[in-house]
Amino acid sequence: MELEGAFEEGDIQVLGLSEVRRATETLQITKNNHLLAHSSCENGQRGVGFLVHRNLINDVNEFRPISDRIALLSINFWGKEIRIIQVYAPTSAATESDSELFYEKLSELLMQQGEFLKDIFVMGDFNSQVGKGKNKDECVIGRYGYGKRNKRGWRLLRFCEEFNLKIMNTFYKKREGRLWTWMSPNQEFKAQIDYILTTNDINYITNCEAKNFSCYSDHRVVTCTLKLQKTKKFKRCNPKRNYKVTNENASAYQTEINTQILNNPTKNITEIIQNVSKNMIQEPKNQSNKGLPTTIKEMIKNREKMKCIRKKTLQDKIQGAARERNVF
């Protein structure tokens with residue numbers, strides 16, 4: 001398969017795909033044992049997805065197609081969970097309502113990420129030209145963009161400002177041949193319309209540029225190089241805090257815990273319990289640690305169990321695909 005050959009030749013770990021144009025949602029192992037995951041599409045148009053290197057298949061936590069223009073991949077890199085959103089924005093020929101609907105769905109997805117928003121990548125074909133950054137917007141667009149900003153480029157700029165995102169392939173000084181990402185069919189016009197967006201919190205990117213890709217397409221691949229260190233685990237140095245729940249405050253305590261969990265579905269449950277405990281319960285003096293109430297322990301166990309079930313379900317699908325060896 002031409003795509004797999006180019007994927008391996010480019011030494012890429014995760015490749016985002018736009019315009020997949022396949023009727024059904026797929027999660028399958030390819031001929032060379034990589035993972036292909038993509039959304040479905042209508043009328044042979046659109047469709048987005050990912051090609052994940054075989055060495056990272058067991059590190060995939062979740063693949064979630066949102067629409068035929070947006071898909072989410074959660075994956076662990078050296079102990080760090082990173083979430084990648086692949087997009088295919090409406091072209092300049094689409095209506096304004098189509099463009100706004102796309103950004104509404106994308107914004108809704110980002111707002112759902114909670115604490116993971118600090119380690120998120122949004123990438124793909126945005127069909128927008130942002131040009132070079134100016135004084136007012138250099139925190140979003142760097143000085144090394146390509147071309148002139150168009151109307152859709154202004155819309156992308158507003159979206160980035162709303163979520164504190166940076167257009168990374170405009171921040172690295174490159175010759176023009178490493179900036180443009182799309183060429184017209186007659187090869188007379190080049191533009192930069194494919195981007196990788198990240199938050200200001202990410203400081204482990206060492207390079208971002210456009211490169212040729214040995215697979216036929218009118219787009220070039222935009223690569224982003226990450227420098228990650230393996231996470232080290234340290235023993236807890238601070239003493240644990242002990243809290244005592246009495247009959248008088250047990251009901252209110254349980255109610256507040258349930259409310260906080262429902263309102264913050266992505267937040268760590270242990271952190272929620274600690275915060276509620278600090279606010280509602282005084283720390284007893286000279287008492288041994290009796291631990292959390294049994295009901296809270298059960299809630300923690302159930303939540304962790306659900307996380308394991310979700311990941312196991314995805315891994316079962318991947319292993320099932322490997323057994324079937326469906327090759328496209």
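Basis of the calculations
Residues numbered from 1 in each chain as written. Predicted model: local features only at pLDDT ≥ 70, side-chain atom pairs only at ≥ 80, totals over all residues. Heavy atoms only, no water. Buried < 20%, exposed > 50% of the residue type's maximum accessible area, 1.4 Å probe, protein only. Helix = DSSP H or I, 4+ residues; strand = E, 2+ residues; numbered from the N terminus. Pairing = 2+ DSSP bridges. Expected span 1.5 Å × (residues − 1). Arc of directions from axis to C-beta. Disulfide = S-S within 2.5 Å. pLDDT = per-residue confidence, 0-100. Axes fitted to C-alpha atoms, helices over the stretch in contact; angles between N-to-C directions. Contact = heavy atoms within 4.5 Å. Parallel < 35°, antiparallel > 145°, perpendicular 65-115°, else oblique. Left-handed = near helix turned anticlockwise from the far one by under 90°.

## So, the pairing of strand S3 (residues 35-38)
Now for step 1: On S3, burial covers both faces: Leu 35 and Ala 37 on one face and Leu 36 and His 38 on the other are all buried.
Now for step 2: Counted between consecutive antiparallel strands, the loop separating strand S2 (residues 26-29) from S3 contains five residues, among which Asn 33 sits at a positive phi close to 70 degrees.
Now for step 3: Relative to strand S4 (residues 48-52), S3 is paired through four bridges, and the arrangement is antiparallel. Residue pairing across strands places Leu 35 opposite Val 52, the latter belonging to S4.

## Notes on helix H2 (residues 96-111)
Now for step 1: Between the first and last C-alpha of H2 there are 22 Å, a value that for 16 residues agrees with the 22 Å anticipated at 1.5 Å per step.
Now for step 2: For H2, the complete set of buried residues consists of Ser 99, Phe 102, Tyr 103, Leu 106, Ser 107, Leu 109 and Leu 110. All buried residues of H2 lie within an arc of 160 degrees about the axis, which places them on one face of the element. Across H2 from its buried face, at more than 90 degrees, point the exposed residues Ser 97 and Met 111.

## A closer look at the state of the cysteines
Now for step 1: As enumerated under the stated definition, the model contains zero disulfides in all.
Now for step 2: The cysteine Cys 224 is free of any disulfide, with Cys 208 supplying the nearest cysteine sulfur at 4.5 Å.

## Section: the confidence of the model for the protein
Residues shown with low pLDDT carry predicted positions that ought not to be read at fine detail.
Now for step 1: For the protein, mean pLDDT is 83; residues scoring 70 or higher make up 84% of the total.
Now for step 2: Mean pLDDT across the elements of the protein ranges from a minimum in helix H5 (residues 269-280), with 72, to a maximum in strand S8 (residues 120-125), with 96.

## Quick notes on the sheet that holds strand S5 (residues 60-65)
Now for step 1: The strand order across the open sheet formed by six strands is S5-S6-S7-S8-S12-S9, and the pairing between neighbours is mixed. In this open sheet, the two strands that pair with only one neighbour each are S5 and strand S9 (165-167). When the angles between neighbouring strand axes are averaged without regard to direction, this sheet yields 20 degrees.
Now for step 2: Contacts from H2 reach S5, strand S6 (70-77), strand S7 (80-88), S8 and S9, with the element oriented near 175 degrees to S7.

## So, helix H1 (residues 2-9)
Now for step 1: All buried positions along H1 are accounted for by Leu 3, Glu 4, Ala 6 and Phe 7. Taken around the axis of H1, the buried residues stretch over an arc of 165 degrees, which confines them to a single face.
Now for step 2: Check the buried side of H1 and you find it contacts strand S1 (14-18) and S4.
Now for step 3: Once H1 ends, the next one or two residues include Asp 11, with phi positive near 55 degrees.

## Quick look at the packing of H2 against helix H3 (residues 151-162)
Now for step 1: The contact between H2 and H3 brings their axes to 12 Å, and the two run at 20 degrees. Taken together, the axis directions place H2 and H3 in an arrangement best described as roughly parallel. In terms of crossing hand, the pair formed by H2 and H3 is right-handed. Judged by residue contacts, Glu 96, Ser 99, Glu 100, Tyr 103, Leu 106, Ser 107 and Leu 110 of H2 engage Lys 151, Arg 152, Arg 155, Leu 156, Arg 158, Phe 159 and Glu 162 from H3.

## Observations regarding the sheet that holds S1
Now for step 1: An order of S1-S4-S3-S2 is seen for the four strands of this open sheet, with the pairing classed as antiparallel. The open sheet is flanked by S1 and S2, the only strands paired with a single partner. Going across the sheet, the axis of each strand differs from the next one's by a mean of 15 degrees, ignoring polarity.
Now for step 2: Pairing analysis gives four bridges linking S2 to S3, with the strands arranged antiparallel. When the sheet's bridge partners are listed, Gln 28 is paired in S3 with Leu 36.
Now for step 3: Each of S1 and S4 is contacted by H1, which is oriented at about 140 degrees to S1, the strand it contacts most.

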